[in-house]
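# Descriptive structure summary
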Amino acid sequence: MRITGDGTTGGTPARSEAGAYPLHGGAVGTARRQPESTPVGPVSDDPEPEQVGYRGPTACAAAGITYRQLDYWARTGLVEPSVRAHYGSGTQRLYSFRDVVVLKIVKRFLDTGVALQNIRTAVQHLQDRAIADLERMTLMSDGATVYECTSPDQVVSLLQGGQGVFGIAVGVVWRDVESALSQLHGERVDTGETVVRHNPTDELAARRNRAV
């Protein structure tokens, strides 16, 4: 799929000659994002990944961005915290794991010169996809267009066609964020209690199991 940033939709995008899908603004994948809700009932002392949110400084550390960038992207609607928004001096933004992955991807897009409007459309696409889809997705871009590739053959074909200049393997970003967050403190969504990480390996395993 291809992102053009013009906000237009054309139904189901046609496959490009390179085999990858060019993302159009507003045209998202067939797999829709599932709600990341907190389960009902008693919660164990070791909360599931979707029950944990991350405050701004933690999200910045895991995504490799500054707090100024985080604040600006939230205020302009580029990447808003999906767990809890900022409602004044008495509240703290709370970001989900997916949010932090998207923050890191946005940083990489900006560093390579992709147009902001294309980044906005790519962010919407990532947020609309089921979280299990993200780990096997690759985003390729020539700076003006962003393509979604879901297989190695599509990546190779796009590169051979001369259309792709660089790529972001979302699965690699996912694992980088997993590793970073497994060593940082989170916050329980239901109680607000601080979640202290004791065993990073166990945290990574739990998150991957929940994504299957």
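Residues numbered from 1 in each chain as written. Predicted model: local features only at pLDDT ≥ 70, side-chain atom pairs only at ≥ 80, totals over all residues. Heavy atoms only, no water.

### Some words on the environment of Gly192
Turning to its location among the elements, Gly192 is positioned in the loop between strand 8 (186-188) and strand 9 (194-195). Under the relative-accessibility criterion, Gly192 is labelled partly exposed at 37%. The spacing of Gly192 and Gly53 is 139 residues in sequence and 9.1 Å in space, taken between C-alpha atoms. (Helix = DSSP H or I, 4+ residues; strand = E, 2+ residues; numbered from the N terminus. Buried < 20%, exposed > 50% of the residue type's maximum accessible area, 1.4 Å probe, protein only.)

### Quick look at the sheet that holds strand 3 (residues 52-55)
Strand order in the open sheet formed by four strands is 4-3-8-9, and the pairing between neighbours is antiparallel. The strands lining the two open edges of the sheet, one partner per strand, are strand 4 (94-95) and strand 9. Bridge count for strand 3 against strand 4 is two bridges, and the pairing is antiparallel. By the bridge assignment, Tyr54 is partnered in strand 4 with Tyr95. Relative to strand 3, helix 1 (residues 56-63) is tilted by about 90 degrees, and along the sheet it contacts strand 3 and strand 4. (Pairing = 2+ DSSP bridges. Contact = heavy atoms within 4.5 Å. Axes fitted to C-alpha atoms, helices over the stretch in contact; angles between N-to-C directions.)

### Things to note about the confidence of the model for the protein
The pLDDT averaged across the protein works out to 74; a share of 65% of its residues lies at or above 70. This model gives residues 25-44 a pLDDT under 50, and the stretch forms 44 contacts once residues within four places in sequence are excluded. (pLDDT = per-residue confidence, 0-100.)

### Structural notes on the pairing of strand 7 (residues 166-169)
Burial of strand 7 is one-sided: the residues Phe166 and Ile168 facing one way are buried, the residues Gly167 and Ala169 facing the other way are not. In terms of strand pairing, strand 5 (residues 138-141) meets strand 7 through four bridges, oriented antiparallel. Looking across to strand 7, one finds that Thr138 is bridged to Ala169.

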